[in-house]
Amino acid sequence: MARVFSGIQPSGELHIGNYLGAVKNWVRLQDAHECIYCVVDLHAITQPYDPAGLAQRTHDMAVGLLAAGIDPARATLFVQSHVAEHSELSWILTTVTPLGELERQTQYKDKAQRQESVPAGLLAYPVLQAADIIIYKADAVPLYHATLVPVGEDQVQHLELMREIARRWNSRYAAEFFPEPQPLLTATKRVLGLDGQAKMSKSLGNTIGLLESPEAIWEKLKPAATDPARVTRKDPGNPELCNVFTIHQGFSPPEVQAEVAQKCRTAGWGCLDCKRVLADHMIAELTPIRERAAELNANPVGVRTLLREGADRARAIARRTLHGVRRHMGFLKAGED
Ligand code: SF4
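Residues numbered from 1 in each chain as written. Predicted model: local features only at pLDDT ≥ 70, side-chain atom pairs only at ≥ 80, totals over all residues. Heavy atoms only, no water.

Comments concerning the overall build of the protein chain
Short version of the rule: Each helix corresponds to a stretch of at least 4 residues labelled H or I by DSSP, and each strand to a stretch of at least 2 residues labelled E; elements are numbered beginning at the N terminus. In this description the radius of gyration comes from C-alpha coordinates, and the expected globular size is given by 2.2 Å times residues to the power 0.38. Relative accessible area decides the class of each residue, using a 1.4 Å probe on protein chains only: under 20% of the type maximum gives buried, over 50% gives exposed, and in between gives partly exposed. By the convention used here, residues are in contact when the closest approach between their heavy atoms is within 4.5 Å. For the area figures, the Shrake-Rupley method with a 1.4 Å probe applies, and any residue is considered shielded solely by the protein chains shown. The convention is simple: Lys and Arg are positive, Asp and Glu are negative, and His and the chain ends are not counted. Every charge is mapped to an atom, namely NZ of Lys, CZ of Arg, CG of Asp or CD of Glu.
Broken down by element type, the protein chain carries 14 helices and five strands. Taking 2.2 N^0.38 as the reference for a compact globule, 337 residues should give roughly 20 Å; the C-alpha atoms of the protein chain span a radius of gyration of 22 Å, in line with that estimate. Judged by the C-alpha coordinates and their principal axes, the protein chain covers about 75 × 45 × 40 Å. Looking at the protein chain residue by residue over its 337 residues, the buried ones come to 49%. When contacts within the protein chain are restricted to residue pairs at least 6 apart in sequence, those whose partners lie at least 24 apart make up 79%. In the form shown here, the protein chain has an accessible surface area of approximately 16,100 Å², with 55% of it arising from carbon and sulfur atoms. For the protein chain, the distance from the average position of its 38 positive side-chain charges to the average position of its 39 negative side-chain charges is 1 Å.

Structure below.
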């Protein structure tokens, strides 16, 4: 089985954009891959953040993932800072990463522009990402057995840098030691926020939380932006230009999607009718998730135990990799290590 790694920042409760864009796919991948999933809290501190809320946001993200279907019996789920080997390998990889490559990263340029003083950690973010992924090269798989990384298309640039970092370390210290992670592009469409303009983001207030009540889901969906050309109930619309239709594609079965498209193009339904159908399908899918999250939240110690067990499994792999890294780089052994 190919091994998949992916991480998500501890932004608190998941929203339907995270769910449709990544997490639903993570759940599916568990069927046919060895999956390692991580709440990447070390990445979250590269931007200004509130330390008082970090632990809670990390817990909430883990609960959301578990409730959405990440199964600790089939996947390894843990918190990045609980496996210190990520940080050690990241430092080591900075020594083979060209500064110019980091400065060229689009995401770095965008984020740096918005900050008065740019921390070095923001620049080195892709190096930590590379460490996160290549540290899980298993000893038992053949060399160059690719670790698959589920990514959105905008992450391809980062992935190419990770592959470059792995190549550089391999060429300097041990040929073919690290596999070069391959992209595993998801088929899911990118869901915009309910405003139909910007990326779905909690800070923009244009999301529906994964754990919201049926009433709250409907209240948020009612005013959501639709095809801007559909001004009155009698105007036919174009579902391909409507973000509500994109959300239908995430929650409604194919026959309902076909009916929505037909009713939209012929003005057979008003947008409110269309949203009511969507709300029903969303609520049907999200209610069991909300109920599982409530059970998990009633037992926070149980959640921490699951995360500790996940970190133990991840650390065992990470340690083996670092052992090999230290050996090839010529470090003095610690005792009988
Ligand atoms: Fe969008 Fe549905 Fe309205 Fe068509 S009918 S514009 S798909 S909300």
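Having seen the structure, we can now continue with the description.
Overview of the confidence of the model for the protein chain
Detailed reading of predicted coordinates is not advised where the pLDDT is low. Just so we agree on the cut-off: Per residue, pLDDT captures the predictor's confidence, and it can take any value from 0 to 100.
The share of residues in the protein chain with pLDDT of 70 or more is 93%, and the mean pLDDT across the chain is 90. Confidence drops under pLDDT 50 across residues 138–146; counting only partners more than four residues distant or on other chains, this segment forms 16 contacts.

Regarding the pattern of salt bridges
Heads up, the condition is: We define a salt bridge as a contact between a side-chain nitrogen of Lys or Arg and a carboxyl oxygen of Asp or Glu at a distance within 4 Å.
Applying the stated criterion to the full structure yields 18 salt bridges. One salt bridge connects E34 with R3, and the closest N-O pair in it is separated by 3.0 Å. In this pair, E34 is assigned in strand β2 (residues 34–39) and R3 in strand β1 (residues 3–8), connecting sequence segments 31 residues apart. Judged by relative accessible area, E34 falls into the partly exposed class, the value being 29%. According to the relative accessible area criterion, R3 is buried, its value standing at 9%. Between D280 and R276 there is a salt bridge, with its nearest N and O atoms 2.9 Å apart. Placement of both D280 and R276 in helix α13 (residues 271–297) is noted, with a separation of four residues, approximately one turn of the helix. For D280, a relative accessible area of 42% puts it in the partly exposed group. Its relative accessible area of 32% is what places R276 among the partly exposed residues. Taken together, the salt bridges that share partners define one network made up of E160, R163, E164, R167, R168 and E180.

Notes on the site of the ligand
Here is the rule we go by: Residue proximity to a molecule or strand is established when one non-hydrogen atom of the residue lies within 4 Å of it. Residue polarity follows a fixed list, in which Ala, Val, Leu, Ile, Met, Phe, Trp, Tyr, Cys and Pro are nonpolar, Asp, Glu, Lys and Arg are charged, and the others, Gly among them, are polar.
All residues in the neighbourhood of the ligand are listed as T226, D227, R230, C242, V244, F245, C264, C271 and C274. Its residues placed into classes, the shell around the ligand shows six nonpolar, one polar and two charged.

Observations concerning helix α10 (residues 214–221)
Spelled out, the test is: This arc describes the spread of directions from the helix axis toward the C-beta atoms.
When α10 is considered as a whole, its buried residues turn out to be I217, W218 and L221. Relative to the axis of α10, the buried residues are bounded by an arc of 95° and lie together on one face. Looking at the packing, one finds that the buried side of α10 touches α13.

Some details on the layout of surface pockets
Condition: Residues are said to line a cavity or pocket when one of their atoms sits within 4 Å of a point; the points come from a 1 Å grid over protein atoms alone, cavities being sets where a 1.4 Å probe fits but cannot get out and pockets being open sets with protein on both sides within 12 Å along at least five of seven lines. Grid points are joined across faces, edges and corners, and a volume is the space filled by probe spheres set on the points.
Approximately 250 Å³ is the volume found for the second largest pocket. If you go around the second largest pocket, you meet 13 residues; those closest to its centre are T46, S90, G121, A124 and L128. Mapped onto the lining of the second largest pocket, the elements with two or more residues apiece are α2 (41–44), α4 (85–94), α7 (120–123) and α8 (125–134). The biggest single contributor to the lining of the second largest pocket is α4, with four residues.

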